[in-house]
Amino acid sequence: MRSVVLAGGGTGGHIYPLLAFADCLRRHDPGVRITCLGTPRGLENDIIPPRGYDLRLVPAYQLPRSINMNLVRTPDRMWRASKATRAVLDEVDADVVVGFGGYVSVPAYLAAWRRHTPIVIHEVNVPVGVANKMGMRFTEHVAAGFPHQLQQIPALANARVTGVPLREQISRLDRFALRARARAYFGLDPNLPVLFVFGASQGARSINLAMAGAAKALSSSGIQVIHIMGARNEPVEIPSDLPVPYRTMTFLSEMELGYAAADLALCRGGAMTCAETAAVGMPAIYVPLPYGNGEQRRNALPVVQAGGGVLVDDSELSPAWIERTVIPLMRDPGRLAAMSRAAASYGRRDGDEALRSYVYEVVGA
């Protein structure tokens, strides 16, 4: 392959696996041309260019889910978006389009289909995202992030399970070897347990509020906290007179340090989160987002069933629940070690390499 076009944007769940896959391609072949597609308003504008990849912006529109004026305008919008995207594919002489979902993937799939360019779709959710569901009309080459997707979605019965592409800092992480340096990075006591708290890329207000209410009880039990609150949430005040460190931040780019420093995570159940926590053997309490199609619960459930985590509904998460559940768990190193082994046995670290092999197989055919 000489030229690869990667389509995916809007949220971190689409962008981060795209970037991990791009890094994998470049490791194997520094000369391969990698072009990323995005939209003017997507999160990809802040993330992709600093990583050194060419980002081309094309018009993309949300696909309507009901009969309204947007539905009437959709054919014309899709034609214009696919025409602009095809111009990019022609310019870079694309050998393949690999889509990770998000609205920018729709014109990419349409343009590649019209151009007779091979298409590979990477899907991590149950049910399949709207953009990838449409893309599956144009290709039979679909890669799934998790085995349970093939069992739950008939349309994915013949998909190739490749796992989820993860950054090398995550896929090659040895949590215990990095632990001392990670705890020093956050200014933590090296001998006290650590809870790592985070939502999605934008944070999770319900988790933030529950943690604020439980901060004193956790701290009084000798439990340190690393808490990523998210940049797009209203500030939540954490008591300042705590006896052990409670570190807060809006964003953490070095997530591997958080995983290495911590004994347990409290987090959402996004596909990327579940893939990362399982891959690095991070015991986790998953609090699925209470909106949408319930995909976050489906993402986390297999890890929990394997013994690597605990599930709690967003509505049940409270300071009292954290005191009843998290504190005893943090005081049980034997159970945490067993959960870590179970999570690691479910997770996989080679999603980038497996997807690369599949894409080369498709292009070669």
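Read on for a plain summary of the structure. Computed from a prediction, not measured in an experiment: that's the story for all the values here.

A word on the packing of helix α1 (residues 12-28) against helix α15 (residues 351-364)
Think of two packed helices as two axes; the pair is described by the angle between the axes and how far apart they sit.
Here's step 1: At a minimum axis separation of 9 Å, α1 and α15 run at an interaxial angle of 70 degrees. The angle between α1 and α15 falls in the class roughly perpendicular. Contacts from A20, F21, C24, L25, R27 and H28 in α1 reach D352, E353, L355, R356, V359 and Y360 in α15.
Here's step 2: Across the contact of α1 with α15, the residue classes break down as 7 nonpolar, 1 polar and 4 charged.

Here we look at the sheet that holds strand β2 (residues 33-38)
Here's step 1: Ordered in space as β3-β2-β1-β4-β5-β6-β7, the 7 strands form an open sheet in which the pairing is parallel. Taken across any chain shown, the strands that pair with only one partner, and hence form the sheet edges, are β3 (54-57) and β7 (160-161).
Here's step 2: Pairing of β2 with β3, which is carried by 4 bridges, proceeds in the parallel orientation. Note that in β3 the partner of C36 across the bridge is L55.

Thoughts on the nonpolar core
Here's step 1: Judged by nonpolar contacts, the single largest core of 36 residues is most densely connected at F186, F196, F198, I226, M255 and Y259.
Here's step 2: Look past the residues within four positions of Y259 in its chain and what remains in contact with it is I170, L173, R175, F196, F198, E276, T277, V280 and M282.

Focus: helix α14 (residues 333-346)
Here's step 1: Between the first and last C-alpha of α14 there are 20 Å, a value that for 14 residues agrees with the 20 Å anticipated at 1.5 Å per step.
Here's step 2: Taken together, the buried residues of α14 touch α8 (175-185), β11 (264-267), α11 (271-279), β12 (284-286), β13 (309-311) and α13 (319-330).

Regarding the pairing of β11
Here's step 1: Side chains of β11 alternate between two faces, with L264 and L266 and A265 and C267 buried alike.
Here's step 2: The pairing of β11 with β12 spans 3 bridges and is parallel. Bridging from a neighbouring strand, A265 pairs with A284 of β12.
Here's step 3: Once the chain exits β11 it traverses α11 before rejoining the sheet at β12, and the crossover so formed is right-handed.

Remarks on the environment of R331
Here's step 1: Summarising the element assignment, R331 is placed in the loop between α13 and α14.
Here's step 2: Between the alpha carbons of R331 and P193 there is a distance of 8.2 Å; along the sequence they are 138 residues apart.
Here's step 3: Among the polar contacts listed, one links the side chain of R331 to the side chain of S221, at a separation of 3.3 Å.

As for the sheet that holds strand β9 (residues 224-228)
Within a beta sheet, neighbouring strands are joined by backbone hydrogen bonds and run either parallel or antiparallel to one another.
Here's step 1: Strand order in the open sheet formed by 6 strands is β10-β9-β8-β11-β12-β13, and the pairing between neighbours is parallel. Since the sheet does not close on itself, it has two edges, and those belong to β10 (246-249) and β13, each with one partner. Pairs of neighbouring strands in the sheet enclose a mean axial angle of 15 degrees, with direction left out of account.
Here's step 2: Bridge count between strand β8 (residues 194-198) and β9: 5 bridges; the pairing is parallel. The residue of β9 that forms the bridge with F196 is I226.

A short note on unusual backbone geometry
Here's step 1: A cis geometry characterises the amide bond from V126 onward to P127, with omega recorded as 0 degrees.
Here's step 2: One can find P127 in the loop between β5 (119-123) and α5 (130-135).
Here's step 3: One non-glycine residue, D93, adopts positive backbone phi at about 55 degrees.
Here's step 4: Positionally, D93 belongs in the loop between α3 (69-92) and β4 (96-99).
Here's step 5: The residue H116 is not glycine, and still its phi comes out positive at about 65 degrees.

Side note on the packing of aromatic side chains
Here's step 1: In total, this model carries 6 aromatic pairs according to the counting rule given.
Here's step 2: Considering the side-chain rings of F198 and Y259, the 6.2 Å spacing of their centres and the 75 degrees angle between planes classify their relative orientation as edge-to-face. You can see F198 sitting in strand β8 and its partner Y259 sitting in helix α10 (residues 255-261), a full 61 residues away along the chain.
Here's step 3: For F198, a relative accessible area of 4% translates into the label buried.
Here's step 4: The rings of F196, F198 and Y259 are connected pair by pair, giving a single aromatic cluster.

Quick look at the packing of helix α9 (residues 205-220) against α13
Here's step 1: Between α9 and α13, the shortest axis-to-axis distance is 8 Å and the interhelical angle comes to 50 degrees. Classed by the angle they form, the pair α9 and α13 counts as oblique. α9 and α13 meet at a crossing whose hand is right-handed. Residue-level inspection shows A210, M211, G213, A214, A217 and L218 of α9 in contact with α13, the latter providing P319, I322, E323, V326 and I327.
Here's step 2: Classifying every residue of the contact of α9 with α13 by side-chain character gives 9 nonpolar, 1 polar and 1 charged.

Description of the pattern of salt bridges
Here's step 1: Taken as a whole and assessed by the stated rule, the structure comprises 18 salt bridges.
Here's step 2: The partner of E168 in a salt bridge is R27, and the shortest N-O contact between them spans 3.7 Å. Taken together, the positions of E168 in helix α7 (residues 168-171) and R27 in helix α1 put the pair 141 residues apart, joining distant regions of the chain.
Here's step 3: Residue class for E168 comes out partly exposed when judged on its relative accessible area of 26%.
Here's step 4: D313 is the salt-bridge partner of R297, the closest N and O atoms lying 2.2 Å from each other.

Details of the side chain of R356
Here's step 1: Mapped onto the elements of the fold, R356 is located in helix α15.
Here's step 2: For R356, which is buried and forms no salt bridge, the nearest opposite charge comes from E353, at a distance of 4.6 Å.
Here's step 3: Other than its neighbours up to four places away in sequence, R356 contacts F21, C24, L25 and H28.

How each quantity is defined
Residues numbered from 1 in each chain as written. Predicted model: local features only at pLDDT ≥ 70, side-chain atom pairs only at ≥ 80, totals over all residues. Heavy atoms only, no water. Axes fitted to C-alpha atoms, helices over the stretch in contact; angles between N-to-C directions. Helix = DSSP H or I, 4+ residues; strand = E, 2+ residues; numbered from the N terminus. Parallel < 35°, antiparallel > 145°, perpendicular 65-115°, else oblique. Contact = heavy atoms within 4.5 Å. Nonpolar A, V, L, I, M, F, W, Y, C, P; charged D, E, K, R; others polar. Pairing = 2+ DSSP bridges. Core = buried A, V, L, I, M, F, W, Y, C linked by side-chain atoms within 4.5 Å. Buried < 20%, exposed > 50% of the residue type's maximum accessible area, 1.4 Å probe, protein only. Expected span 1.5 Å × (residues − 1). Right-handed = clockwise from strand over helix to strand, strands pointing away. Polar contact = N/O pair within 3.5 Å; in protein donor to acceptor, adjacent residues only side chain to side chain. Phe/Tyr/Trp six-rings, centres within 6.5 Å; stacked < 30°, edge-to-face > 60°. Left-handed = near helix turned anticlockwise from the far one by under 90°. Salt bridge = Lys/Arg side-chain N within 4 Å of Asp/Glu carboxyl O. Lys, Arg positive; Asp, Glu negative; His and termini not counted.

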